[in-house]
Structures are given as structure tokens and as C-alpha cells.
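Remarks on the overall topology
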Amino acid sequence: MQPTQLYLDTARLGRMSRRAQQAHLDFTALAGEEGASLFFERFLKEGCQGWPSALRSRFPGLACWQGIAPLKHALRTLAGSSPELPVLIVNRLAQLMCFAARLLFHPCRNVLVTDLGWPPYQAILENEARRVGRLVTTVAVRPLVCELQTAEDEVVEAVKRRFLDSGCDGLFLTAVSHLGFRLPVERIVRALENVRELRFVVIDGAQDFCHASADLKNEYCDLYLAGCHKWLEGFHPMGLGFYGRQRSRVMIETLLGHLLDSGELNDPLLQFTTQIETAALEGETETVNLVPLFTCQGAATEALERFSAPPVSLRLRQRNLGLAASVAEACGWQPALPAAAFRTGILLLQAERDATRRLSACAMREAFAGNGVALTAYEGGLVRLSMPAREWQPAEIDHLKSVLRIVA
Amino acid sequence: MSREERQARRSILLSYRFVGTAAVGSLVMALVALFAPLPTQLAMLGAFISILGGLFLSYLGQEDQRERQRAEAIQSLSVPLSLARDPELFQQYQDIARGLTALAKNADPILRRIALIKFASVTAQIDGLADGRIVFALTEEWRTVYEQILSSPDVRQYRSVAWVKTVDYWQDEPGRQSMRVNFEAAHRGVLVERIVLLRDELWPAGQLLPSPEILPWIEQQHNHGLWLALIRESDLSREADLLVDMGIYGDRAVGIQELDERCRTLRFTLDVNLQAVRLADARWQRLLLYAKSFRSLLDQRSPTG
């Protein structure tokens, strides 16, 4: 197997950005010298503001670290919202999803989801619904989204119809599905709010944040879930929960406090970041891996420099997607493109040959990896390619073309 | 086999009563046949047969009376027999029966008269309980039952209508404790929905949110995840029957609280029957037509509050 030449995989982990790498390296060096000293603890709380210039030049990758609050500000800015509003930082995004399920079923009887959701999250939601004796209703939008002529209005209308017919009062939507279909989540929320009260809204933005449409300035959802290890390119897994809507901010904090106190929500990083922000650091908390905080700060700093206007990078990715799709068509692959309104920077291809379609997902992934291309593969001859946020280099597109032809 | 049992199984033809009576009667009839003329013999025979018939009919009458008494005795035993399947209720029955028996031995007429009045009231209460209705008057004791129902694992939904006439509503210690039970239930997964009926002075017309005196109480519930909706009392001026303080516990029971002007409990009636739940549900649906969700009001609030 040869080293990767084209990394087109963000389904699980994106690549590590340059600044995240620098932060990681310098953090490792600092940890080697300081361990968990008081100097290190002060650095953790306040960043390197008071450092002499010699020390700064020894650890340039940590220059971006100013403490937890500035990290949250940066993340909030990337989500298109007021930097003053709160953000939850957790080790495991699944923990945050469990919390979201608890929040949803506090006031809601029946939560509407689409068939584009990430199955493990849907399972968490359904488990919670079973526990408290409530309902989860699914609306099938995938067939609509996959029709090339479908407009946004039709999807919004289909969701609204199901919402009304099923007597739903809660909503859990995936902004961008793992297969790359984007939903107009804000439009859907507004349309539903116009016809009946929406008691609680959670958006799964794991594939949306720093990629497609994450824009929370209009406060359309109560909780927005994201991660910094996919499109943000922080690499080390870390979950993020954005909230702050007028109607639910204190409610979320009240329930969070209750679940942390009762031990039902047990995330060491969440406890640690909350304590360090409130200057109430206790010695009895679990020892936490802090590396993701620094790599996330590095990645966020780079993203803020690079993504001054997120829609621009999405348009660039979509241009790359158009080129890759036309190349694939000529190489024995069928692009599974949704209607234009639902496209993102993720391209789904299906092999044309039956023999290739019969390959297992694992064998397919290995076949591409053996030719220097990292991507995500699914059963049925499907592969998922995440488009880069800069234009294809001629050599890259040539390489992709030849590999697609070989594997097809 | 005991001696009595052996006697009971022996043929009546061998009993002394039969043999003695038959022997005496036969001897008398033999003497009459020997020494008396034929008409006398016939008269004698007729008298014997009439006496025998009379005795037989009297016996049947007594037997009928005995049968009736036996049936009544068995019927009175059927109450403890059917209660015996429920040890807790049977214990109560026995305690009451023991008390009544002890009372029956006391011949004081004044005590007896007072006891009968008291028992009439207790009987009315027991009849109410049998119909699924429990009434608590002039006491906060109902909150114990209320808390037990909310803690019951099979109650997964609690809908409540709070008729707030003053800022004192549920602000005393029992009220705050009940509110804590609400919060615990919500955190456990019970869906708690509350419609708050507010006097106009507590939510003046034209104001987005209720007055600061009552707002924290409403916000606290909202922050614990309860779903809340508000109605101004004046909006229900044409639907006076909707002005009520009630709770619907799943689909099992309905509680109606009556308060005085200072928000102290006058009476709390708990109805554990499906018909009462249906009626309360219909009231709830009508109230929803007037209700404004507290969440939607918060959405309209400016960010500075």
C-alpha cells in the first residue's frame, strides 16, 4: 500500500490542519518540560499572554491559545453566531447527543426526524423516546432530495405535512447528511413554527460545521451539535454544542447542571472546561486529555483566517465537485447527485459494473487506498469523496481519474 | 369413627324414637281394635293421621325458616370471603368489625347516637372511595397523595391547570415542595405540561410577559423543562367552567383543587376514574385554544430582556 496522495475523507476524521499540527507539536514539547506544573495551569487558563518573547518563540504553535473563553469565541464565530453566547465542549459527541435527546423529550411528545439522519444518533433518540414513552416520527425526504428537479420548497412542504399529520412538536434535523445531502434546516424550522409550536429544535451539524451552511445568527435552533475533527480539521475528536436561544438558554443550563450533578452526564472535558471557565477547578475531577483543545484552537485560528466567508469555500468545493463528477462519469462511475439545492462539498459515486458493486465496503476502500486515494466506501459500490476547499491541481485530478478508472 | 358418627349413620328404623313411638301407637290401635266399636276405631285412625299431617306441615315450615336463616348467614359471610383476597382491605374490614363489635357491647345511648351519626359520615366517605373519589378538606395532606401519584412509574404524563389568583400561589413550603416533585418528575422523564391562568393584574393586557412578582415562578418551571402556556383570566370570561385548578395524571386520575382568596387549600378532590379523566381532557383541549406558549413569548422578548 502506498502513502496517501489524495485525502478525500471527512466522514470520520478530516485531515489535521497546519496550525493544529503546530499546536500539537508545541503542546507536546511544553508538556515534556512542564508536565502539570502551576506554570502550565496558568497557561491553560490565560494562554501565553504574559510569556517572555524567548518563550513565545520556542513554542510558536501555542501563540494562538488564549484560554477556554477565547477558544469558544472563535468557534462561535465560525458557527456564524454571536461570540458571546455559550458553547459546550465535550470529549464525545455521542454524549452530547444523549444530552440533546434528554432535552428534546423534556417538553416534546413526538419528535420529527428525517431519513437523512446519522443512524447511531437516531438510535440514541429512539432509545430515549422508549425510556420516557414518547414518539419519534420519520419523514422520508431522501427520495425527494435525490430527484434532480426537486426544489427546496417541495422538501419543506413534505416535512411540514408530516409534522402536522403526525402531531409532532419537536424536531431533530441533520443539516448535512453523512452522504452529503444538505437540508434547508432554517427554512424548515421557520415553516414549521408558522403552523404549530415547535417546542425544541436540535440540529446535527457534524458534517455541516465549517463546511456548508452553519449560520446560527438567527437563533433558529435550541441546540446545534458539531465536532472539530471533521471539516474544521482539528483531528483530535471533540464535540461542540452551540446554544443560547432566548427561550432555552437557561433551561439547557439547568438540565446540564442537574445531569452533571447526578452523574447521568459524565464527560470529563465538559466538566473541566466548565470549571476552568468559572475558576472553580477542583482536584477531584477525572484527568482529562487536553490535546484536542489546543489542536482545535489551532484549527479554528486557521479556519478563521481562511474562511472569512464560508459560502465562498462551499462554492469552491462545489465547483471541484462538478469537475470530479464529470471525470468520474467518464471512468465507469455514476455520480449520485442530489438536486442542486441540496448539494454540498461531498460527492457520492456508484460503480457502474456489477462486479465492482459486489465488492465489500472494506475491499473498495482498500482498492482506492492501494492507489493513494483516501475516501469513504459503502456497500453497493458507493464511495464518498469530500472535496477540497481549494481548486484541484491538474496533477490531482489526473491522479483521481486514473484511480477511478483502475478501481471501476 | 366416633360414637356420634356411628349413630348418625345407623338406619332410623333402629332408633329408639321410631321403635318406641311405633310400638306405643300400634299397641293403642290394637286395644282400640279389640275393645272399641268400628266408628270409634275409624275416628281414632283419622285423628292419628291428622296429627301426623299437622306435624309434617309444621316441620316443613320450620325447615323453610331454618333454610332462610342459613342462606342469610352464608350471605353475610361472603363479604369477608371476597375481601380475603385483598389482605390490606381485609385487615381494615376486620379492624372496623372489631370496633363495631366492641361498640355493640357498650349500652350508653348517647355514645350510640353519636357513633351512628359518625358512622353515617364514614359510610359516605367509603362509598366515595368505592367510586374512585377522595376528598381532602381544609388540609394540605392531599399533597402526599399528589406526590405519590407523580412518583408512580406508570404515570408518564402530567397535565396541570394552575389558576393563579395571587402571587402567593404555591409559594408556601408545601407548595414549594410540590414544585420540587414536579421538577424531579420532569427530570425522570415525565412530560409535565402546565397551563397557568393569571388574573389580569398579574399579566396586564398589552404586556408580553406576566408581572415580575409571578414571572420568576413561571420561569423556574420553564427552566426545569416543563412546558408552560399562559391564559389571562379575562380571556375566559365567557367560559367560566374553564376557570379551574386541576391536574390530570396520565389517564388514571384527575385532581381538582379549590383555593380561598389567599391561595390556601379549601378542598382537594381526587377522582380515579376514566370518565373523570375524559371530562378533564375535554376541558384541557378547550383551554389550549386560549393558551399562549411561554416559549413563544420568550422568543418575542428582546435580547436584553
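Residues numbered from 1 in each chain as written. Chains lettered and ligands numbered in written order. Predicted model: local features only at pLDDT ≥ 70, side-chain atom pairs only at ≥ 80, totals over all residues.

Describing the overall build of chain B
Helix and strand counts for chain B stand at ten helices and eight strands. Whereas a compact globule of 305 residues would reach a radius of gyration of roughly 19 Å, chain B reaches 37 Å, over 25% beyond that. Projected onto its principal axes, the C-alpha positions of chain B cover 135 × 45 × 40 Å. When burial is assessed residue by residue, chain B has 20% of its 305 residues classed as buried. Taking the intrachain contacts of chain B between residues at least 6 apart in sequence as the baseline, contacts between residues at least 24 apart amount to 68%. (Helix = DSSP H or I, 4+ residues; strand = E, 2+ residues; numbered from the N terminus. Rg over C-alpha atoms; globule rule 2.2 N^0.38 Å. Buried ≥ 20, exposed ≤ 12 C-beta atoms within 10 Å, placed from the backbone. Contact = placed C-beta atoms within 7 Å.)

Brief notes about the domain arrangement of chain B
Per the domain assignment, the segments making up chain B are domain 1 (3-74), domain 2 (87-130) and domain 3 (137-300). Each of domain 1 of chain B and domain 2 of chain B was reduced to a C-alpha centroid, and the two centroids are 49 Å apart. (Domains from an automatic or database assignment.)

What to know about the packing of helix α5 (residues 93-104) of chain A against helix α6 (residues 119-132) of chain A
Residue and element names in this part refer to chain A. As a packed pair, α5 and α6 sit with axes 9 Å apart at the nearest point and diverge in direction by 40 degrees. With respect to each other, α5 and α6 are oriented oblique. Taken as a pair, α5 and α6 cross one another with a handedness that is right-handed. Contacts between α5 and α6 pair A94, M97, C98, A101 and R102 from the former with Y121, I124, L125 and E128 from the latter. Among the residues making up the contact of α5 with α6, the classes are represented as seven nonpolar, no polar and two charged. (Axes fitted to C-alpha atoms, helices over the stretch in contact; angles between N-to-C directions. Parallel < 35°, antiparallel > 145°, perpendicular 65-115°, else oblique. Left-handed = near helix turned anticlockwise from the far one by under 90°. Nonpolar A, V, L, I, M, F, W, Y, C, P; charged D, E, K, R; others polar.)

A few points about the domain arrangement of chain A
Domain annotation of chain A identifies domain 1 (68-305) and domain 2 (309-407). Tallied by class, residues from the side of domain 1 of chain A that touches domain 2 of chain A come to eight nonpolar, four polar and three charged.

Overview of the interface of chain A and chain B
On the side of chain B, 17 residues touch chain A, which itself brings 15 residues to the contact. At the level of elements, α6 and α10 (249-262) of chain A are the ones that each hand at least two residues to the side of chain A that touches chain B. It is α10(A) that provides the largest number of residues to the side of chain A that touches chain B, a total of five residues. Looking at side-chain class alone, the side of chain A that touches chain B contains five nonpolar, five polar and five charged residues.

Notes on helix α8 (residues 152-165) of chain A
All names here are of chain A. The end-to-end C-alpha separation of α8 is 20 Å, in line with the 20 Å expected for 14 residues at 1.5 Å each. Within α8 the residues assigned to the buried category are V155, V159 and F163. Angular distribution of buried residues about the axis of α8 spans 70 degrees; they occupy a single face of the element. Structural note: α8 exposes D153, R161, L164 and D165 on the side pointing more than 90 degrees away from its buried face. Buried residues belonging to α8 abut β3 (110-114), β4 (135-139), α7 (142-146) and α9 (185-195). At the exit of α8 stands G167, carrying a positive phi of roughly 65 degrees. (Expected span 1.5 Å × (residues − 1). Arc of directions from axis to C-beta.)

A look at unusual backbone geometry
A positive phi angle is found at E219(A), which is not glycine, with a value near 50 degrees. Note that E219(A) resides in the loop between β6 (200-204) and β7 (223-227).

Remarks on the sheet that holds strand β10 (residues 346-351) of chain A
Residues and elements named next belong to chain A. Reading across from one edge, β9-β10-β13-β12 is the order of the four strands in this open sheet, with antiparallel pairing throughout. Because the sheet does not close on itself, it has two edges, and the strands there are β9 (333-335) and β12 (376-378). In this sheet, adjacent strand axes meet at a mean angle of 30 degrees when their direction is disregarded. Pairing between β9 and β10: three bridges, direction antiparallel. The partner of P335 across the bridge, within β10, is L349. (Pairing = 2+ DSSP bridges.)

Section: the sheet that holds strand β2 (residues 87-90) of chain A
Residues and elements named next belong to chain A. Judged by pairing direction, the sheet is mixed, and its seven strands sit side by side in the order β2-β8-β7-β6-β5-β3-β4 without closing on themselves. The sheet is open, and its two edges are formed by β2 and β4, each paired on a single side. The sheet shows a mean angle of 20 degrees between the axes of neighbouring strands, taken without regard to direction. Here strand β5 (residues 170-174) runs beside β6; their pairing, made up of five bridges, is parallel. Counted as the bridge partner of G170 is F200 from β6. Against the sheet, α5 engages β2, β3, β5, β6, β7 and β8 (239-242), with an angle of about 170 degrees to β7.

Examining the pairing of strand β5 (residues 246-249) of chain B
Successive side chains on a regular strand alternate, one facing one side of the sheet and the next facing the other. All names here are of chain B. Side chains of β5 alternate between two faces, with M246 and I248 and G247 and Y249 buried alike. With four bridges joining them, strand β2 (residues 157-164) and β5 adopt antiparallel strand pairing. Counted as the bridge partner of S160 is G247 from β5. Bridge count for β5 against strand β6 (residues 253-259) is four bridges, and the pairing is antiparallel. By the bridge assignment for β6, Y249 is matched with A253. Here β5 folds back onto β6 in antiparallel fashion, the turn holding three residues, of which G250 has a positive phi close to 55 degrees.

Some details on helix α8 (residues 215-223) of chain B
Looking at α8(B), one finds that the buried residues are I218(B), Q221(B) and H222(B). Down the axis of α8(B), the smallest arc covering the buried residues is 100 degrees, so these residues share one side. Residues of α8(B) that are buried make contact with α10 of chain A together with β3 (191-198), β4 (227-232) and α10 (294-300) of chain B. Positive phi shows up at G225(B), right after α8(B), with a value of about 90 degrees.

Considering the pairing of β2(A)
Residue and element names in this part refer to chain A. Of the two faces of β2, the one lined by V87 and I89 and the one lined by L88 and V90 are each fully buried. Bridge analysis of β2 against β8 gives four bridges, and the strand direction is antiparallel. Each bridged residue has a counterpart across the sheet, and for L88 the counterpart in β8 is G241.

Thoughts on the nonpolar core
By size, the foremost hydrophobic cluster in this structure holds 121 residues, and its most contacted members are A100(A), L104(A), V111(A), V202(A) and L225(A). Broken down by element, this core gets its largest block of residues, nine residues, from α5(A). Mapping this core onto the domain boundaries places at least three of its residues in each of domain 1 (68-305) and domain 2 (309-407) of chain A. Dropping the residues within four chain positions of it, V111(A) is found in contact with L104(A), L125(A), V136(A), C168(A), G170(A), L171(A) and F172(A). The next biggest cluster of nonpolar side chains, apart from the first, holds 43 residues, and it includes Y146(B), A185(B), L197(B) and L198(B). (Core = buried A, V, L, I, M, F, W, Y, C linked by C-beta atoms within 7 Å.)

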